[in-house]
Amino acid sequence: MATNKFKTVSLDTMIDKHIGKRGTEKREAFENELRIDLLGQAIKQARQERNLTQEELGELVGVQKAQISKIENSVKNARFETILKVFEALGAKVNFNVELNKRKAAY
């Protein structure tokens, strides 16, 4: 009878091993990049669900198509104000959670 040589581990365990534990500089950079990527994907999905092109969304926001492309593709130099305008143009509700010393500081 063959035995399974592979061990099942959680995603968190793999990230801890290969990226670093939470709180380390490398892990924080990884988590931040992941959040930026998810934000870009959310904007792209909302735009597509509303049958808008990048150019049309850019016109609603007051920016060029290239800026919408950069935001959707997680280029980090997008202004926060522009991202908020994008969500407003898409009719999306945005919620933020701010934590300070593991306690919610703002809602």
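Conventions adopted
- Residues numbered from 1 in each chain as written.
- Predicted model: local features only at pLDDT ≥ 70, side-chain atom pairs only at ≥ 80, totals over all residues.
- Heavy atoms only, no water.
- Axes fitted to C-alpha atoms, helices over the stretch in contact; angles between N-to-C directions.
- Helix = DSSP H or I, 4+ residues; strand = E, 2+ residues; numbered from the N terminus.
- Parallel < 35°, antiparallel > 145°, perpendicular 65-115°, else oblique.
- Contact = heavy atoms within 4.5 Å.
- Nonpolar A, V, L, I, M, F, W, Y, C, P; charged D, E, K, R; others polar.
- Patch = residues over 30% accessible without salt bridge, like charges linked within 9 Å, V, L, I, M, F, W, Y side chains within 5 Å.
- Areas by Shrake-Rupley, 256 points an atom, 1.4 Å probe, with all protein chains shown as cover.
- Salt bridge = Lys/Arg side-chain N within 4 Å of Asp/Glu carboxyl O.
- Buried < 20%, exposed > 50% of the residue type's maximum accessible area, 1.4 Å probe, protein only.

Visitor: How do you make sense of the packing of helix α2 (residues 25-49) against helix α4 (residues 65-72) when you look at a structure like this?
Guide: The relative placement of two packed helices comes down to the angle between their axes together with the axis-to-axis distance. Interhelical geometry of α2 versus α4 gives an angle of 125° and a closest axis separation of 7 Å. The orientation of α2 with respect to α4, classified from their angle, is oblique. Between α2, through G40, Q41, I43, K44 and R47, and α4, the contact on the second element is made entirely by I68, I71 and E72. Tallied by class, the residues present in the contact of α2 with α4 amount to three nonpolar, two polar and three charged.

Visitor: Can you walk me through a nonpolar patch on the surface in this structure?
Guide: A cluster of nonpolar residues, F80, L84, V94 and F96, forms a patch on the protein surface that exposes about 340 Å² of accessible area. You can call F80 exposed: its relative accessible area is 51%.

Visitor: Whenever I open this one, unusual backbone geometry confuses me. Can you help?
Guide: Glycine aside, negative phi is the norm for most residues, and most peptide bonds take the trans geometry. Located in the positive-phi region is N51, a residue other than glycine, with phi close to 55°. Here N51 is to be found in the loop between α2 and α3 (54-61).

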